[in-house]
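# Examination of the molecular architecture
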Amino acid sequence: MTRTPRTLVVVGHGMTGHHLVEHLRAHDRHGTWRAVILAEEPRPAYNRVALSSYLEGRSAADLTLADRAFLTDPLVELHTAAPVTGIDRRARTVTTVDGTVTRYDALVLATGSRPFVPPVPGRDLPGCFVYRTFDDLDALREAAREGLPGVVVGGGLLGLEAANALRLLGVRPHVVELAPRLMPVQLDDGGAHVLTRLVTGLGLRVHCGTAVREIRPAADGRVGGVTLTDGTALDARLVVFSAGVRPRDELAGPAGLATGERGGFLVDDLCRTDDPRVWAVGECAAVRGRTYGLVAPGYRMAELVADRLLDRPTTPFADPDTAAKLKLLGVDVASFGDAHAETEGAVEYVLRDDTAGTYAKLVLDPEGRVLRGGVLAGDATAYRTLRALTGRELTAPPDRLLSAPGPGGPLPPHRAADAA
């Protein structure tokens, strides 16, 4: 006798929501769940991490995550351009903007985040953009002209991605970062110094330790310039806000769901709210009060919830690995473990070569034997080796490890000589 599948409603179809449904379908051998996905955007989930490649020639279809098998799965029902406007937890229903009501047996909130736009005068002028979706990039491409001056607000990962996008469109970008260095979350002063030097050589103009005070209009009513808090006046015809994100948790209040101190649906270490039928994953989830803006933690949450729904063995969500290896404007950067040496007694081992434009720092325990983390800039060749060693005793002197191309790989003689 065939049992009618229960209904899982997923609010949001970003990378995390998509991964959850994929994981659920891959392991639901008996078809116990039917997934109904209510997406706000007019298209299926896409690879937001690779969004910048859209301006380098890749199409929206190239970045789409939902393949034909997913879209034709009889136990997956995807509704695009269907933002949810309300949740009735007593009736166990959600309502979309067109008035459609869908009943659920389990509800997963995967609403993601929205770009943070600082409340500065002029932020609503024509010529101001955010950097989050295909539509955002289409609007930016339409407005960009060769040689125009532009300003990117934010010098973190997203800000540098946006600055590169402006470069690709022919715009001459300034980058404004409130922190005293670029990529303050991932890099220390030494790594950021190398990164700044290299990207400045590519044409970026970097302003750290300051912020936007106002955006000035030109005679045509569009953006004409930016004034910084240190008094610097910059010419600009485009301004891109890429200064971080905020959780999309506006459904929480009307539904009676708790939120974290800094926003996000408050969930326990199983990603479950106070309502045992309601879960939250990804950037909108505040796990024990903390939100995560990276894809890897979101995927971990998605798999955890899918496994719980299928009664598969799971382990609670713990502080995830936030290691990252990136290529920004052609510059390799990486950080892993205790990159900022915050552990008591930590010892730092640093190799810096201004001529080559490289920087490497290893963070060790007080005895200098156990690797706790590190930062690489200009050359991240040793990243795989070092990340695998994090939390373990060093297998070679630090200079040799920093010359290693990867696990088990030989040391090139010229790199070993340089390190010596």
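Quick caveat: nothing in here was measured; it's all calculated off a predicted structure.

This part is about the overall build of the chain. Looking only at helices and strands, one finds 11 helices and 25 strands in the chain. Expected size for 420 residues packed as a compact globule is a radius of gyration near 22 Å; at 23 Å, the chain falls within 12% of this value. Taking the principal axes of the C-alpha coordinates as reference, the chain spans close to 70 × 65 × 40 Å. Across the 420 residues of the chain, 49% fall into the buried class. Residue pairs at least 24 apart in sequence account for 59% of intrachain contacts in the chain once pairs closer than 6 positions are excluded. Summing over all exposed atoms, the chain offers an accessible surface of approximately 19500 Å²; the carbon and sulfur share of this is 49%.

Now for the pairing of strand β13 (residues 212-217). Here β13 pairs with strand β14 (residues 223-228) via five bridges, running antiparallel. Opposite Arg216, over in β14, you have Gly225 as the bridge partner. The antiparallel hairpin formed by β13 and β14 contains five residues in its connecting segment, where Gly221 sits at a positive phi of about 90 degrees.

A separate point is the pairing of strand β12 (residues 205-208). Relative to β12, strand β11 (residues 172-177) is paired through four bridges, and the arrangement is parallel. Counted as the bridge partner of His174 is Arg205 from β12. Handedness of the crossover joining β11 and β12 through helix α6 (residues 189-201): right-handed.

Along the chain, the position of Ser52 falls in the loop between β2 (33-38) and α2 (60-63). A relative accessible area of 7% places Ser52 in the buried class. Dropping the residues within four chain positions of it, Ser52 is found in contact with Tyr131 and Glu161.

Okay, the nonpolar core next. In this structure, Leu8, Leu20, Leu107 and Leu109 are the most contacted members of the largest nonpolar core, which totals 48 residues. Of all hydrophobic cores here, the second largest spans 40 residues; its members include Leu63, Ala144, Leu329 and Ala339.

Once that is clear, we can look at the sheet that holds strand β21 (residues 324-328). Strand order in the open sheet formed by five strands is β21-β22-β25-β24-β23, and the pairing between neighbours is antiparallel. Sheet topology places β21 and β23 (347-353) at the edges, where each strand pairs with a single neighbour. If you compare each strand with its neighbour and ignore which way they point, the axes differ by 10 degrees on average. Relative to strand β25 (residues 371-377), strand β24 (residues 358-364) runs antiparallel, the two sharing six bridges. Across the sheet, residue Val363 finds its bridge partner in β25, namely Gly373.

Now for α6. With 13 residues, α6 extends 18 Å between its outermost C-alpha atoms, agreeing within 8% with the 18 Å of an ideal straight helix rising 1.5 Å per residue. When we look at burial in α6, the residues that qualify are Gly190, Gly191, Ala192, Val194, Leu195 and Val199. Its buried side turned inward, α6 meets α5 (157-168), β12, β22 (331-337), β24 and β25. Two residues or fewer after α6 comes Gly203, characterised by a positive phi angle close to 110 degrees.

For Leu24, the position within the fold is in helix α1 (residues 15-27). Along the primary structure Leu24 and Glu303 are separated by 279 residues, whereas in three dimensions their C-alpha atoms are 7.8 Å apart. Those residues in contact with Leu24 that lie beyond four places of it in its chain are Leu8, Trp33, Ala306, Leu309 and Leu310.

On to the pattern of salt bridges, then. Going through the model one piece at a time under the given rule, you end up with 18 salt bridges. Its salt-bridge partner being Arg181, residue Asp189 comes within 3.2 Å of it at the nearest N-O pair. Accessibility expressed as a relative area gives 55% for Asp189, which makes it exposed. Assessed through its relative accessible area of 18%, Arg181 is described here as buried. The closest approach of N and O atoms between Asp220 and Arg237, which form a salt bridge, is 2.6 Å. You can see Asp220 sitting in the loop between β13 and β14 and its partner Arg237 sitting in the loop between β15 (233-235) and β16 (238-241), a full 17 residues away along the chain. Owing to a relative accessible area of 47%, Asp220 belongs among the partly exposed residues under this scheme. By relative accessible area, Arg237 is classed as partly exposed at 25%. Here the salt bridges share partners, and the residues they tie into one network are Glu40, Arg248 and Glu250.

Further remarks concern the UniProt feature "domain: FAD/NAD(P)-binding" (unreviewed entry) in the chain. Under the UniProt annotation, the feature "domain: FAD/NAD(P)-binding" (unreviewed entry) is placed at residues 8-289. Between the C-alpha atoms that bound residues 8-289 there is a distance of 25 Å. The span itself is 21% helix and 29% strand.

Another aspect to go through is the sheet that holds β15. Spatially, the three strands line up as an open sheet ordered β13-β14-β15, and their pairing is antiparallel. The open sheet is flanked by β13 and β15, the only strands paired with a single partner. Recorded for the sheet is a direction-independent mean angle of 25 degrees between the axes of neighbouring strands.

With that settled, consider the side chain of Asp73. With respect to the helices, strands and loops of the structure, Asp73 is situated in the loop between α3 (68-71) and β3 (76-79). Asp73 sits in the buried class, given a relative accessible area of 16%. Within the structure, the side chain of Asp73 is placed 2.8 Å from the side chain of Arg25, a separation counted as a polar contact. At 2.8 Å, the side chain of Asp73 and the backbone nitrogen of Leu75 are in polar contact.

Rules used in this analysis
Residues numbered from 1 in each chain as written. Predicted model: local features only at pLDDT ≥ 70, side-chain atom pairs only at ≥ 80, totals over all residues. Heavy atoms only, no water. Helix = DSSP H or I, 4+ residues; strand = E, 2+ residues; numbered from the N terminus. Rg over C-alpha atoms; globule rule 2.2 N^0.38 Å. Buried < 20%, exposed > 50% of the residue type's maximum accessible area, 1.4 Å probe, protein only. Contact = heavy atoms within 4.5 Å. Areas by Shrake-Rupley, 256 points an atom, 1.4 Å probe, with all protein chains shown as cover. Pairing = 2+ DSSP bridges. Right-handed = clockwise from strand over helix to strand, strands pointing away. Core = buried A, V, L, I, M, F, W, Y, C linked by side-chain atoms within 4.5 Å. Axes fitted to C-alpha atoms, helices over the stretch in contact; angles between N-to-C directions. Expected span 1.5 Å × (residues − 1). Salt bridge = Lys/Arg side-chain N within 4 Å of Asp/Glu carboxyl O. UniProt positions renumbered as here; feature names shortened; annotations may be inferred. Polar contact = N/O pair within 3.5 Å; in protein donor to acceptor, adjacent residues only side chain to side chain.

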